[in-house]
Amino acid sequence: RSSQTQVSRLFSELLPYKKQPVPFFTLTDFGFEGFPAREERVDPRLRLFQLKLTAVQLFGVGGYASWPAMAAAILRRVPTLAFEPNAVPGLANRLIGKFVSRAAVNFPQAARWFRNPEVTGIPVRPEFFSLPAPPAAPPHLLVFGGSQGARILNSALPQIAGKLLAAIPGLAILHQAGARHADSTLAAYQAAGADLSRITVAPFLDDMPARFARANLILARGGASTVAELSAAGKPALIVPFAAAADAHQLKNALAMKEAGAAEVIEEHQLSTTALLEEKLIALLNSPARLTQMSAAARTLAHPAADERIAQIIHGIARL
């Protein structure tokens, strides 16, 4: 019930203009503790869920929480739009993909899992689409692993920082390490003897468009939002996908970027030593022409009108 109170409070803050209370109920109210067994009969819990479902259309973004509502809507013939940001859908979207009214996907590779799919892309803040090109020199490397940081990057970068700085004249590194790991990451750079005047370690980075604008190369994970922002900004990237991501979706996102010529990929198991990471970073940062080509390739994957197109599809299915 505490989670219900928190979400109700969130609705109150985000929807101050609402004239009526927003209905809210938890999935556990209906006995949903996980995905349904793979059986032919309709899960009886969905019948109870349908009693609460009063939507005239439903927009599902995948994940465990979306499955019961989308399944109930399909059973009631309520128009549905599934959104899939990754190159491979998760279990929830795979279960309902062939039964939805429409689907909006980010990667063409995901389209085969859905009925009536369209490659719309992911909505990204408009600032990412109009960033100025960074100066070629001195080069700037941005390292981030999401808001919490990435432990493997926090460990590997300090080990090779000295060699990177020696091999790339004027190189500056901005490393977002996460609030819990910023101090230890900075200490690792210090222990490695790296020139700290050319390295900034931050627990968290705000104004990401500005951070992207300064970067000649970005070292990052392969989450859907990250690759969408890389594409929107036209940023060349070296991607280290999170190995434990469900259905290896980060790896498949990264490989889609690589196939387009927008990124290089190193898998986590290849970082048992740092030699490959060092080799790729030095090669890329020493090749402005290659970075320019990767930047252009990244922009071919961008979808500046994704939000508008998804809104149009939602409006359209309401007429079905």
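Before reading further, recall that the structure is shown in the block above.
Counting restarts for each chain, with residues numbered from 1 along the sequence as it is written. Totals for whole chains, interfaces and linings use all residues, but because this is a predicted model, local features are given only for residues with pLDDT of at least 70 and pairs of side-chain atoms are given and counted only at 80 or more. With hydrogens and water excluded, all non-hydrogen atoms of the structure serve as input to the side-chain values.

## What to know about the sheet that holds strand β5 (residues 140-144)
Paired through their backbone hydrogen bonds, the strands of a sheet run either parallel or antiparallel.
So, step 1. For two strands to be treated as a pair, DSSP must find no fewer than two bridges joining them. A run of H or I in DSSP counts as a helix once it spans at least four residues, and a run of E counts as a strand once it spans at least two, with each numbered from the N terminus. Across the sheet, 6 strands lie side by side as β7-β6-β5-β8-β9-β10; this open sheet has parallel pairing. A strand with exactly one partner marks an edge of an open sheet, and here the two such strands are β7 (199-202) and β10 (263-265). For this sheet, the mean angle separating the axes of adjacent strands, direction not counted, is 15°.
So, step 2. Sheet analysis places strand β8 (residues 217-220) next to strand β9 (residues 237-239), joined by 3 bridges and oriented parallel. Across the sheet, I218 pairs through a bridge with A237, a residue of β9.
So, step 3. Throughout, a residue-residue contact means that at least one pair of heavy atoms, one from each residue, lies within 4.5 Å. As a rule, the C-alpha atoms of each element are fitted with a line to give its axis, helices using only the stretch in contact, and angles between N-to-C directions run from 0 to 180 degrees. Packing against the sheet, helix α5 (residues 151-167) makes contact with β5, β6 (172-176), β7 and β8, and its axis sits at approximately 175° to β6.
So, step 4. In this fold helix α6 (residues 182-191) packs onto β6 and β7, with an angle of close to 160° to the strand it touches most, β7.

## Some details on the pattern of salt bridges
So, step 1. When a carboxyl oxygen of Asp or Glu is within 4 Å of a side-chain nitrogen of Lys or Arg, the pair counts as a salt bridge. Counting across every chain of the model gives 8 salt bridges.
So, step 2. A salt bridge links R102 to E118; the shortest N-O distance between them is 3.0 Å. A residue pair is termed long-range when its members are at least 10 positions apart, and R102 in strand β3 (residues 102-105) and E118 in strand β4 (residues 117-119) qualify at 16 residues.
So, step 3. Overall, the relative accessible area of 23% leaves R102 in the partly exposed class.
So, step 4. When accessible area is computed with a 1.4 Å probe and restricted to protein chains, residues below 20% of their type maximum are described as buried, those above 50% as exposed, and intermediate ones as partly exposed. The class of E118 is partly exposed, set by a relative accessible area of 21%.
So, step 5. A salt bridge links R211 to D206, with the nearest nitrogen and oxygen atoms 3.5 Å apart.
So, step 6. We classify R211 as partly exposed; its relative accessible area is 26%.
So, step 7. For D206, a relative accessible area of 49% puts it in the partly exposed group.

## Quick notes on the packing of aromatic side chains
So, step 1. Ring pairs are drawn from Phe, Tyr and Trp, using the six-membered ring of Trp, whenever the two centres fall within 6.5 Å, and their geometry is named by plane angle: stacked under 30 degrees, edge-to-face over 60, tilted for the rest. Under the criterion given, the structure shown has 3 aromatic pairs.
So, step 2. Measuring from centroid to centroid gives 6.2 Å for F59 and F83, while their planes differ by 55°, and the two rings are tilted. Taken as a pair, F59 in strand β1 (residues 58-60) and F83 in strand β2 (residues 80-84) lie far apart in primary sequence, 24 residues in all.
So, step 3. When its relative accessible area of 38% is taken as the criterion, F59 is described as partly exposed.
So, step 4. Note on F83: relative accessible area 10%, which makes it buried.
So, step 5. Where F144 meets F212, the ring centres are 5.9 Å apart and the plane angle is 50°; that geometry is what we call tilted. On the criterion of sequence distance, the pair formed by F144 in strand β5 and F212 in helix α7 (residues 208-214) is long-range, its members being 68 residues apart. The exposure classification of F144 matches that of F212, with both residues buried.
So, step 6. Taken together through their ring pairs, the aromatic side chains of F128, F144 and F212 make up a single cluster.
So, step 7. Looking at R94, its charged tip hangs above the ring of W113, at a distance of 5.9 Å from the centre. Geometrically, a charge over a ring is one whose NZ (Lys) or CZ (Arg) sits within 6 Å of the ring centre while staying within 35 degrees of the ring normal.

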